[in-house]
Amino acid sequence: MFSFAVFISGNGSNLQAIINATNNGQIDGKICCVLSNKEEAFGLVRAKEANIPTIVIKHQNFETREKFENAILKSLKSFQIDLIVLAGFMRILSPVLIKPYLGKLMNIHPSLLPKYPGLNTHQKVIDNQDNQHGVTIHFVDETLDGGQICAQSIIKVESNDINILENKIHELEHELYPKVIQRFAEGELKLIKGKQ
Ligand code: GRF
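Values in this document were obtained by computation on a predicted structure and should not be read as measured data.

**A look at the packing of aromatic side chains**
By the definition in use, this model includes five aromatic pairs. Between the aromatic rings of Phe7 and Phe89, the centroid separation amounts to 5.2 Å while the plane-to-plane angle is 65°, which identifies the pairing as edge-to-face. You can see Phe7 sitting in strand β1 (residues 3-8) and its partner Phe89 sitting in the loop between β4 (83-86) and α4 (95-98), a full 82 residues away along the chain. Accessibility assignment for this pair places Phe7 and Phe89 in one class, buried.

This is the structure we're talking about:
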């Protein structure tokens, strides 16, 4: 059975959408574990309620990014992992984690990449008076939010209210991520040429 891990750092509303999709059969597979770098992440509560094993590895406990990621790799060893889904995991990854999972590691980003990599994307859309905004799901490589794009959803910007915009983007994310995970599970999505 297709089996995947979800990495989070916060609220986990995307995780919830993915849990729901595995429960209702939209995703033909199971979440083997949820990993967070923050023990207070609400997404861990969501995972526990869904009886999914949780792992907390605090990045502050490690001197370097590489040591942090080696601890993550070690913690994943006992699971069958066909894919790692980053869903609001707020750490930049190094080749230590990217290399062994190249082509099996995806992220969701709240902008129409390549526009607005990094943080504060909604504010940038407002400041630049863009009339379009959206979300991108992409394979992760060593570039920041620069890996091969798997899918995008677009909305028209109809309000300058950042909360309204953010909510709309979340709705798009919750719809798109399960679809993309299922496409990956079916073997329809592949990284063609990735940098490690
Ligand atoms: C999402 O907007 C995602 O695009 C970004 O972080 C946010 C996570 O939200 N990478 P949640 O924790 O899934 O609610």
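**Observations concerning the site of the ligand**
As a structural note, the neighbourhood of the ligand is formed by Asn11, Gly12, Ser13, Asn14, Gly88, Ile108, Pro110, His170 and Glu173. In the model, an oxygen atom of the ligand is placed 2.5 Å from a nitrogen or oxygen of the Ser13 side chain. Backbone polar atom of Asn14 to an oxygen atom of the ligand: 2.9 Å apart, as the coordinates give it. Taken by itself the ligand offers 370 Å² of open surface, and the protein chains cover 84% of this. Counting residues per element, the ones that place at least two in the shell around the ligand are α1 (13-23) and α6 (162-185).

**Considerations on the sheet that holds β1**
Within the open sheet, the seven strands sit side by side as β3-β2-β1-β4-β5-β6-β7. Their pairing is mixed. One side of each edge strand has no neighbouring strand; the edge strands of this open sheet are β3 (54-56) and β7 (149-156). Neighbour-to-neighbour, the strand axes of this sheet turn through a mean angle of 20°, independent of strand direction. One ladder, built from three bridges, connects strand β2 (residues 30-36) with β3; its direction is parallel. Bridging from a neighbouring strand, Val34 pairs with Thr54 of β3. Together, β1, β2 and β3 form the strand contacts of helix α2 (residues 42-49), whose direction differs from that of β3 by roughly 155°. Helix-sheet contacts for helix α3 (residues 65-76) involve β1, β2, β3 and β4, and the interaxial angle to β2 is about 150°.

**Here we look at the pattern of salt bridges**
In the structure shown here, the tally under the stated rule is six salt bridges. Ionic pairing is found between Glu39 and Lys58, a salt bridge with its closest N-O pair at 3.1 Å. Of the two residues, Glu39 sits in the loop between β2 and α2 while Lys58 sits in the loop between β3 and α3, which places them 19 residues apart along the sequence. Looking at Lys58, the relative accessible area reads 29%, which means it is partly exposed. A salt bridge links Glu188 to Arg183; the nearest nitrogen and oxygen atoms lie 3.8 Å apart. Arg183 sits in the partly exposed class, given a relative accessible area of 35%.

**Remarks on α6**
Over its 24 residues, α6 runs 34 Å from end to end, which matches the ideal 34 Å to within 8%, given 1.5 Å per residue. Among the residues of α6, those classed as buried are Leu165, Ile169, Leu172, Glu173, Leu176, Tyr177, Pro178, Val180, Ile181, Gln182 and Phe184. The residue sitting at the N-terminus of α6 and contributing the capping side-chain oxygen is Asp161; that oxygen lies 2.8 Å from the backbone nitrogen of Asn163. Directly beyond the C-terminal end of α6, a positive phi value near 80° is found at Gly187.

So, how was this worked out
Residues numbered from 1 in each chain as written. Predicted model: local features only at pLDDT ≥ 70, side-chain atom pairs only at ≥ 80, totals over all residues. Heavy atoms only, no water. Phe/Tyr/Trp six-rings, centres within 6.5 Å; stacked < 30°, edge-to-face > 60°. Helix = DSSP H or I, 4+ residues; strand = E, 2+ residues; numbered from the N terminus. Buried < 20%, exposed > 50% of the residue type's maximum accessible area, 1.4 Å probe, protein only. Near = heavy atom within 4 Å. Polar contact = N/O pair within 3.5 Å; in protein donor to acceptor, adjacent residues only side chain to side chain. Areas by Shrake-Rupley, 256 points an atom, 1.4 Å probe, with all protein chains shown as cover. Pairing = 2+ DSSP bridges. Axes fitted to C-alpha atoms, helices over the stretch in contact; angles between N-to-C directions. Contact = heavy atoms within 4.5 Å. Salt bridge = Lys/Arg side-chain N within 4 Å of Asp/Glu carboxyl O. Expected span 1.5 Å × (residues − 1).

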